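What follows is the residue order along each chain.
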Amino acid sequence: MDPGIWSQLPGVLLERILSFLPLKNFLSLRSTCKYFKSLIFSPPFISKHSSPSSSSSLSSFLLSHPHFHLYYPLYDTILKAWRTLPLSVSPLLSCAPSGPHLLSVSHGLLCFSLPNSSSFLVYNLLARSSRVVEFPEHNFAFELLTLVSSPDGYKLFMLGSSSGSSNKAFVYDSRLHLWHQFDRVDSVLGDNFLQEGVSYHGYLYFTTPEPFSIVCFDLESGKWEKLMTELPGELTFARLVSKGDEKLLLIAGIGQHGISRELKLWELNEGNWVEIERVPETMCRKFMSICYHNYEHVYAFWHQGLICLCCYTWPEILYYKVSRGTWHWLPKCPSLPEKWSCGFRWFSFIPELHASV
């Protein structure tokens, strides 16, 4: 096209034309022009590529394993296939002597720990932007780190201890670039180390070991509360899942003497847990044989209409498709060696070009 004609196209039309490019091709094109690069922050362009119906959008599970330090296999839930090319990460991660550890994912942001530099790295994979966040203190031990992103920034939550700050909760606010320190609920969360907090209406929700209960942490005030809603009976383990601020769900094992015989799903509705689904018997038996009653290895999360139940020792996902009311197994990554039997962490990764670090 004649450059004179091209330059006179209305911005809306030009943006519409460019939105039909596969996202991968556009990311290569954006370096040629400041205007193209600015489209990353254009809501119409972003919404086009964020739509599940878009053929060029990205919507994936992200698999983490202790032996994966420089790349992370993705399962594309739109193409229903594993991506053949691994995703390279930030050069800051490749320089980490002991390897980075992927701890938490929220929308388009990933949070890694860099143990040798006593810091975290918050990284937007598509925008190739990152920020190093130093630990609140040196010689710092932490657990249950949770990344919570929002349109105007993100927060990092964790329980931590050091020589001068034991039994504390810490929250990092990206808008202020500051850590805030609060009291923690000592020992109430037990050893549920794989299930990070579940974000729902400004709170992080956690399940406690027996006797089972739910506690929540206000990310603004730093106050802890106990959810007074009565949980279903005969629970052997319990995990929470949230669909943003729309739904809070509970998936749990039912049985006696600490052994699960059933898996059920509930939704919090007007202060009560309402049963909405149960796992078919054959799938339930398989999942129970996988975790072998080591329920501390079980964790769950929400991913674009799917409720996913996973086990740290098994490279498959048992998921519930909400729109159809059906249960399925997601196959393991073909690049995984047969003998690997631990360290599998799944995350819901939904790329967002505009997610700010």
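To be clear, the structure that these remarks concern was listed above.
Residues numbered from 1 in each chain as written. Predicted model: local features only at pLDDT ≥ 70, side-chain atom pairs only at ≥ 80, totals over all residues. Heavy atoms only, no water.

(A) Molecular detail of the overall build of the chain. Per the secondary structure count, the chain includes seven helices and 26 strands. Scored against the burial criterion, the 357 residues of the chain give a buried share of 49%. Considering only contacts within the chain whose residues lie at least 6 apart along the sequence, 46% involve residues at least 24 apart. Looking at the chain as shown, the accessible area adds up to about 17,700 Å², and 54% of this sits on carbon and sulfur atoms. (Helix = DSSP H or I, 4+ residues; strand = E, 2+ residues; numbered from the N terminus. Buried < 20%, exposed > 50% of the residue type's maximum accessible area, 1.4 Å probe, protein only. Contact = heavy atoms within 4.5 Å. Areas by Shrake-Rupley, 256 points an atom, 1.4 Å probe, with all protein chains shown as cover.)

(B) Highlighting the nonpolar core. Ranked by size, the top nonpolar core spans 23 residues in total, and within it L263, F287 and M288 carry the most contacts. Only strand 18 (235-243), strand 19 (247-256), strand 20 (259-269), helix 7 (281-291), strand 22 (298-303), strand 23 (306-311) and strand 24 (314-321) provide two or more residues apiece to this core. A per-element tally of this core places helix 7 first, with six residues. Within the second largest apolar cluster, 17 residues are counted, among which are F68, Y299, C310 and Y319. (Core = buried A, V, L, I, M, F, W, Y, C linked by side-chain atoms within 4.5 Å.)

(C) Just the sheet that holds strand 4 (residues 81-82), in detail. Ordered in space as 4-3-1-26, the four strands form an open sheet in which the pairing is antiparallel. Each edge of the open sheet carries a strand with a single partner, namely strand 4 and strand 26 (345-349). Of the strand pairs in this sheet, strand 3 (residues 74-76) and strand 4 are connected by two bridges, and their pairing is antiparallel. Each bridged residue has a counterpart across the sheet, and for D76 the counterpart in strand 4 is A81. (Pairing = 2+ DSSP bridges.)

(D) Quick peek at the sheet that holds strand 14 (residues 198-200). Spatial ordering of the open sheet is given by 14-15-16-17, a layout of four strands whose pairing is antiparallel. The sheet is open, and its two edges are formed by strand 14 and strand 17 (224-226), each paired on a single side. When the angles between neighbouring strand axes are averaged without regard to direction, this sheet yields 30 degrees. For strand 15 (residues 203-207) and strand 16 (residues 214-218), the ladder comprises five bridges, and the chain directions are antiparallel. (Axes fitted to C-alpha atoms, helices over the stretch in contact; angles between N-to-C directions.)

(E) Up close: unusual backbone geometry. The omega angle of the peptide bond from E210 to P211 is -5 degrees, so this bond is cis rather than trans. Its location among the elements puts P211 in the loop between strand 15 and strand 16. Of note in the backbone geometry, L144 takes a positive phi value of approximately 55 degrees without being a glycine. Inspection of the secondary structure assignment puts L144 in strand 10 (residues 141-150). Its identity as a non-glycine residue notwithstanding, H177 has a phi of 55 degrees, on the positive side. Within the secondary structure, H177 sits in the loop between strand 12 (168-173) and strand 13 (178-183).

(F) Representation of the packing of aromatic side chains. Tallying each qualifying case throughout the model produces 24 aromatic pairs. Ring geometry for W82 and W346: centres 5.8 Å apart, planes at 45 degrees, overall tilted. One end of the pair, W82, is in strand 4; the other, W346, is in strand 26, with 264 residues separating them in the sequence. Ring centres of F157 and F217 lie 5.0 Å apart, and the angle between their planes is 50 degrees; on these two criteria the pair is classed as tilted. With F157 in strand 11 (residues 153-161) and F217 in strand 16, this residue pair connects regions lying 60 residues apart in the sequence. An identical accessibility class is assigned to F157 and F217; each is buried. Across the ring face of W329, the terminal group of K286 is positioned such that the distance to the ring centre comes to 4.2 Å. The ring of Y299 has R345 lying over it, and the distance from NZ or CZ to the ring centre is 4.8 Å. (Phe/Tyr/Trp six-rings, centres within 6.5 Å; stacked < 30°, edge-to-face > 60°. Lys NZ or Arg CZ within 6 Å of the ring centre and 35° of its normal.)

(G) Main features of the pairing of strand 11. Among the nine residues that make up strand 11, eight are buried, leaving the element largely enclosed by the rest of the structure. Both strand 10 and strand 11 contribute to a ladder of eight bridges, which runs antiparallel. Note on strand 11: the bridge partner recorded for F142 is G160. Linking two consecutive strands that pair antiparallel, namely strand 10 and strand 11, is a turn of two residues. The pairing of strand 11 with strand 12 spans six bridges and is antiparallel. If you follow K155 over to strand 12, its bridge partner there is D173.

(H) Quick peek at the side chain of S113. Inspection of the secondary structure puts S113 in strand 7 (residues 109-114). Residue classification places S113 among the buried residues on the basis of a relative accessible area of 4%. Residues within four places of S113 in sequence aside, it is in contact with P100, H101, L103, S119, F120 and F142.

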